[in-house]
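Next come the chains, spelled out residue by residue.
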Amino acid sequence: MAELPEVAESFDSSAFLASCSGYPGVYRMFDARATLLYVGKAKNLKKRLASYFRKTGLAPKTAALVSRIAQVETTITANETEALLLEQTLIKEWRPPYNILLRDDKSYPYVFLSDGEYPRLSLHRGAKKQKGHYFGPYPSGGAIRESLNLLQKTFLVRQCEDSFFKNRTRPCLQYQIKRCKGPCVGLVDPDEYAQDVRHSVMFLEGRSNALTDELSSAMETASQELNFERAAELRDQISLLRRVQDQQSMEGGSGNVDVVAAMVNPGGACVHLISVRDGRVLGSKNFYPQVAIEEESSEVLAAFLAQYYLSSHERDLPGELIVNTVHEDFPALIAAIAELRGRELSISHRVRGIRARWQQLAVTNAEQALASRLANRLHLSARFAALAQVLHLDPPPQRLECFDISHSSGEATVASCVVFGPQGPLKSDYRRFNIEGITGGDDYAAMHQALTRRFKRAKAGEGVLPDILLVDGGKGQLTMAREVLQTLHIPDLLLLGVAKGSTRKPGLETLYLNDAAGEFTLPGDSPALHLIQQIRDEAHRFAITGHRARRGKARRTSTLEEVASVGPKRRRELLNHFGGLQELSRASIEEIAKVPTISKKLAELIYAALHSE
């Protein structure tokens, strides 16, 4: 039994409990700096809060929370359902460190089928503004890509961008490898294409058996008519669909169901969710919620379900949840979902048949995913310990930041900042910096600008400083980093420069600690070197991704878009009048002013923008 450490002297728990209400409600715990530590709900506030301040029997994590409490505030609600809704609102807004926190996608992926004579299938996230049909949401983008890949091979419905489709004069590679029928150049009859689209819709709606039966009937008809080529195409389509059905051994159920299993180990927690719609498994996804004081699988599962289904109205709500453990809060959760979203939901634990197979599969996936994650964390922790030993640090560092620069001959320069801790990459802390106002290709100036922007914010109290700052580069980059830190009066930060060897092969890096005089190397099999390489490569990947996105955007953006008062209509008139941007660039101010709706003053602005280089 864990002994309770002394609570903050400023908080008198006995006096607080003496005046605490026994009604249902929400409680909020704060530390001495008025930072919100934890939000909870209770049927009886007094009984629930009294359980935190008993002398013995607290779990170590709960004891750590109680030792920091300096103030507790409560809000009484009409019932437990209202308490649950208020609790989730506060958790979402404040993200207290001792609550289970679910890191989830901001938007949910759908398969989108556009309108038109030759519709397009694509992955879609965000608002549903385009005209067409949306199928989903799917649990992950990977699940959608699997479906799109199958449909592309089976029914050959196009997946190219509309801008690409409208400007083709000959079929693309997708036609050559039999992934498209070439509607862009009229190589397929509209009725035949519409039939392929209809079959794709049947598959996306989960009517695989009806689709297979229809294709089998069509194959027999084609054979009887001696149209063996068509019969062979249908045979191949049926074969692909049968293969998917064999792989999808969990099919055969019915209804819309989410199967959710939670597993907890001392090192963390994993929740595995399987989405079943119309009896067909759409895919699955692992979640690793931040666990602070909840140590039971049932508590983690209850907190996860509340955040997952109450935090977003956009999230698809099934008719049934199948779970691997039960919790006393489930009735309140069902009532809260009904009140908030106007939908009835049932939660099942003891299931049979196909539902039992779904449940067991979710449990197995959660166990394996958590075991794999913990193994990786242990491996990473060993690397952090090795780095601490090499640099003579005690204790090991908890936060490493690495900066890198990416550009193409000076174009669209982007700096990246990636952050690692003993648990792995802290992707929510990653940052990119679009570099402006420097000579193209000047990596030193780019690094100077990125570091200045990053550590000015830290100096102002935004964010935290790293234990070690890694810079991808040699002596010059390291010197630049030192100048920035000295200018901002951040002298105690440990600097580590990572320079590639003459052959640029991994394992031959030269390292610089704080300055050029601190040059050293590590063996190729050193775990500390592997950690440095891992962080550097991640910074490089993140910088390149940002650079390519910025470069692509710049190349898709017309110079005219930067001119004030030149909207889409005027841009269209200008390009139609001159036949393209190249001819417009050659025009004089007087010639530009001849275009309807373009005044002499506006023509001067356009001319200046086109010749700004």
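It should be emphasised that the depicted structure is a prediction, and the values quoted were computed from it without experimental measurement.

Enquirer: Please set out the pairing of strand 2 (residues 25-30) residue by residue, giving values where relevant.
Expert: Extensive coverage of strand 2 is indicated by the burial of six of its six residues. What you see with strand 2 is no split at all: G25, Y27 and M29 on one side and V26, R28 and F30 on the other are buried throughout. By the bridge criterion, six bridges tie strand 2 to strand 3 (residues 36-42) in an arrangement that is antiparallel. Pairing of M29 across the sheet is with Y38, part of strand 3.

Enquirer: Outline the packing of helix 4 (residues 80-94) against helix 12 (residues 330-341), listing residues and values.
Expert: Where helix 4 contacts helix 12, the axes come no closer than 9 Å and their chain directions differ by 75°. Here helix 4 lies roughly perpendicular to helix 12, going by the angle between them. Between helix 4, through E80, T81, L84 and L85, and helix 12, the contact on the second element is made entirely by A332, L333, A335, A336, E339 and L340. Tallied by class, residues from the contact of helix 4 with helix 12 come to seven nonpolar, one polar and two charged.

Enquirer: Explain the nonpolar core residue by residue, including any values.
Expert: Within the largest apolar cluster, 29 residues are counted, with the highest numbers of intra-cluster contacts made by V260, F304, L305, Y309 and L310. Sorting the residues of this core by element identifies helix 4, strand 9 (257-265), strand 10 (268-277), helix 11 (297-310), strand 12 (320-323) and helix 12 as the ones contributing at least two each. In terms of residues, this core owes the most to one element, helix 11, which gives ten residues. Setting aside its immediate chain neighbours within four residues, L305 contacts V260, L310, L321, V323, F330 and L333.

Enquirer: I'd like to hear about the packing of aromatic side chains, residue by residue, with values.
Expert: Taken as a whole and assessed by the stated rule, the structure comprises 15 aromatic pairs. Here the aromatic rings of F11 and F16 are separated by 5.7 Å at their centres, their planes lie at 50°, and the arrangement is tilted. For F11, a relative accessible area of 9% corresponds to the buried category. Seen from their ring centres, Y27 and Y52 are 5.8 Å apart, and the 70° between their planes marks the pair as edge-to-face. A residue pair is termed long-range when its members are at least 10 positions apart, and Y27 in strand 2 and Y52 in the loop between helix 2 (45-50) and strand 4 (56-58) qualify at 25 residues. Given the relative accessible area of 1%, Y27 is considered buried.

Enquirer: Outline unusual backbone geometry, listing residues and values.
Expert: A cis amide bond links D394 with the next residue in sequence, P395, at an omega value of 5°. Its place among the elements puts P395 in the loop between helix 13 (353-391) and strand 14 (400-408). Its identity as a non-glycine residue notwithstanding, A34 has a phi of 65°, on the positive side. Mapping A34 onto the fold places it in the loop between strand 2 and strand 3. Owing to a relative accessible area of 53%, A34 belongs among the exposed residues under this scheme. At L156, a position not held by glycine, the phi torsion is positive, near 60°. Counting through the fold element by element, L156 comes out in the loop between helix 5 (141-154) and helix 6 (162-166). Residue classification places L156 among the buried residues on the basis of a relative accessible area of 16%.

Enquirer: Could you give an account of the pattern of salt bridges, naming the residues involved and the relevant values?
Expert: Per the counting criterion, the structure on display carries 20 salt bridges. Between E192 and K181 there is a salt bridge, with its nearest N and O atoms 2.8 Å apart. Note that E192 is positioned in helix 8 (residues 190-204) and K181 in the loop between helix 7 (173-176) and helix 8, a separation of eleven residues in sequence. Taking relative accessible area as the criterion, E192 reaches 36% and is therefore assigned partly exposed. In this structure, the salt-bridge partner of D472 is K500, at a minimum N-O distance of 3.7 Å. One end of the pair, D472, is in strand 18 (residues 468-472); the other, K500, is in the loop between strand 19 (494-499) and strand 20 (510-513), and 28 residues separate them in sequence. Beyond isolated ion pairs, a larger network of salt bridges with shared partners links R399, E401, D429 and R454.

Calculation criteria
Residues numbered from 1 in each chain as written. Predicted model: local features only at pLDDT ≥ 70, side-chain atom pairs only at ≥ 80, totals over all residues. Heavy atoms only, no water. Buried < 20%, exposed > 50% of the residue type's maximum accessible area, 1.4 Å probe, protein only. Helix = DSSP H or I, 4+ residues; strand = E, 2+ residues; numbered from the N terminus. Pairing = 2+ DSSP bridges. Axes fitted to C-alpha atoms, helices over the stretch in contact; angles between N-to-C directions. Parallel < 35°, antiparallel > 145°, perpendicular 65-115°, else oblique. Contact = heavy atoms within 4.5 Å. Nonpolar A, V, L, I, M, F, W, Y, C, P; charged D, E, K, R; others polar. Core = buried A, V, L, I, M, F, W, Y, C linked by side-chain atoms within 4.5 Å. Phe/Tyr/Trp six-rings, centres within 6.5 Å; stacked < 30°, edge-to-face > 60°. Salt bridge = Lys/Arg side-chain N within 4 Å of Asp/Glu carboxyl O.

Geometry only, nothing functional implied.
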